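Now for the letters of each chain:
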Amino acid sequence: MSLYDDAVLVLKGYEGQPELRQAYLDHLAAHPDGMWKACHAGHITASALVIDPEHGRVLLTLHRKLRMWLQMGGHCEPGDATLREAALREAAEESGIAGLTPLPGGPVRLDRHPIPAPCHWHFDVQYAVLAPPGAVHEISDESLDLRWYAYDEVAAVADESVVRLLDATRARL
């Protein structure tokens, strides 16, 4: 099964946000290359919120280009077999944490947001991953900083999309 096929199956099985979910499916139907950064009409991305429920905190990255505190994530790559694997790969690469475990149940949220030209949209499929006990993070080249934030601190540093992702993740926990 291709990554495109996996994305269609994941989105068809996702029960939340029906209008946005349909926009993702319509985008993929109109753009067979819609999984890849080269699709200038927009493309699917995969992200993951790294969470430590035992200590009531999440790990956020200060994104090097955007200069915003965000969850880990980014573009799908040809070696990714599934969206979940892409999100897990991005989370591990950007956090430096080995042994991350995806929260069961598939994606937690969808978030479509505009990005600068030449591309126009990121159709982000958002997962949550659990950090193992004693996880030690390491800053990657894509980050200016990595920091653990208590749940109640996130709204003060991150935008609404991250807050909505945290709320949906906590509801699933």
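Residues numbered from 1 in each chain as written. Predicted model: local features only at pLDDT ≥ 70, side-chain atom pairs only at ≥ 80, totals over all residues. Heavy atoms only, no water.

Draft legend 1. Just the overall build of the chain, in detail. Looking only at helices and strands, one finds five helices and eight strands in the chain. For the chain, the sequential pattern of α-helices and β-strands runs α-α-β-β-β-β-α-β-β-β-β-α-α. Here the C-alpha radius of gyration of the chain, 15 Å, is about what a compact globule of 173 residues would show, namely 16 Å. For the C-alpha atoms alone, the extent of the chain along its principal axes is close to 45 × 30 × 30 Å. Considering the chain as a whole, with its 173 residues, one finds that 49% of them fall into the buried category. Contacts in the chain between residues far apart in sequence, at least 24 positions, make up 67% of those at least 6 positions apart. Carbon together with sulfur atoms contributes 54% to the accessible area of the chain, which is approximately 8,500 Å² in total. (Helix = DSSP H or I, 4+ residues; strand = E, 2+ residues; numbered from the N terminus. Rg over C-alpha atoms; globule rule 2.2 N^0.38 Å. Buried < 20%, exposed > 50% of the residue type's maximum accessible area, 1.4 Å probe, protein only. Contact = heavy atoms within 4.5 Å. Areas by Shrake-Rupley, 256 points an atom, 1.4 Å probe, with all protein chains shown as cover.)

Draft legend 2. Here's a closer look at the nonpolar core. Residues Tyr24, Met35, Ile44, Val50, Leu83 and Val125 are the most contacted members of the largest nonpolar core, which totals 33 residues. Taken together, the elements giving at least two residues each to this core come down to helix 1 (3-13), helix 2 (18-30), strand 1 (43-52), helix 3 (83-95), strand 7 (121-130) and strand 8 (143-150). By residue number, the principal contributor to this core is helix 1, which donates five residues. Look past the residues within four positions of Val125 in its chain and what remains in contact with it is Leu11, Tyr24, Ile44, Thr45, Ala46, Ser47, Leu83, Pro107, Arg109 and Leu110. The next biggest cluster of nonpolar side chains, apart from the first, holds 18 residues, and it includes Ile51, Tyr149, Tyr151 and Val163. (Core = buried A, V, L, I, M, F, W, Y, C linked by side-chain atoms within 4.5 Å.)

Draft legend 3. Structural view of helix 5 (residues 160-172). Here helix 5 spans 18 Å end to end across 13 residues, near enough to the 18 Å set by a 1.5 Å rise per residue. Turning to helix 5, its buried residues number three or more, namely Ser161, Val162, Val163, Leu165, Leu166 and Thr169. Against the buried residues of helix 5 lie strand 1, strand 2 (57-63), strand 3 (69-70), strand 6 (109-114), strand 7 and helix 4 (154-157). (Expected span 1.5 Å × (residues − 1).)

Draft legend 4. Geometry of the packing of aromatic side chains. Inspection of the entire model under this criterion finds two aromatic pairs. With centroids separated by 5.2 Å and ring planes inclined at 90 degrees, the aromatic side chains of Tyr24 and Phe123 adopt a geometry described as edge-to-face. Of this pair, Tyr24 sits in helix 2 while Phe123 is found in strand 7, placing the two residues 99 residues apart along the sequence. Relative accessible area serves as the criterion here: at 0%, Tyr24 is assigned to the buried category. With 5.3 Å between their ring centres and 80 degrees between their planes, Trp69 and Tyr149 make a pair best called edge-to-face. Residue Trp69 is located in strand 3, and its partner Tyr149 is located in strand 8; the two are separated by 80 residues in the primary sequence. Judged by its relative accessible area of 11%, Trp69 falls in the buried class. (Phe/Tyr/Trp six-rings, centres within 6.5 Å; stacked < 30°, edge-to-face > 60°.)

Draft legend 5. Structural view of the environment of Tyr127. By the secondary structure assignment, Tyr127 is in strand 7. Accessibility expressed as a relative area gives 3% for Tyr127, which makes it buried. In contact with Tyr127, other than residues within four places in its own chain, are Val10, Ser47, Ala48, Leu49, Leu83, Arg84, Ala87, Gly106, Pro107, Val108 and Leu165. A polar contact is formed between the side chain of Tyr127 and the backbone nitrogen of Arg84, at a distance of 3.5 Å. (Polar contact = N/O pair within 3.5 Å; in protein donor to acceptor, adjacent residues only side chain to side chain.)

Draft legend 6. How the structure looks around the pattern of salt bridges. Taken as a whole, this structure holds seven salt bridges when the rule is applied. Taking the shortest distance from any N to any O, the salt bridge between Glu77 and Arg89 comes out at 3.3 Å. Here Arg89 lies in helix 3 and Glu77 lies in the loop between strand 4 (72-75) and helix 3, a separation of 12 residues in the sequence. Here Glu77 falls in the partly exposed class, since its relative accessible area comes to 35%. Note on Arg89: relative accessible area 16%, which makes it buried. In this structure, a network of salt bridges that share partners links the residues Glu77, Asp80, Arg89, Glu90 and Glu93. (Salt bridge = Lys/Arg side-chain N within 4 Å of Asp/Glu carboxyl O.)

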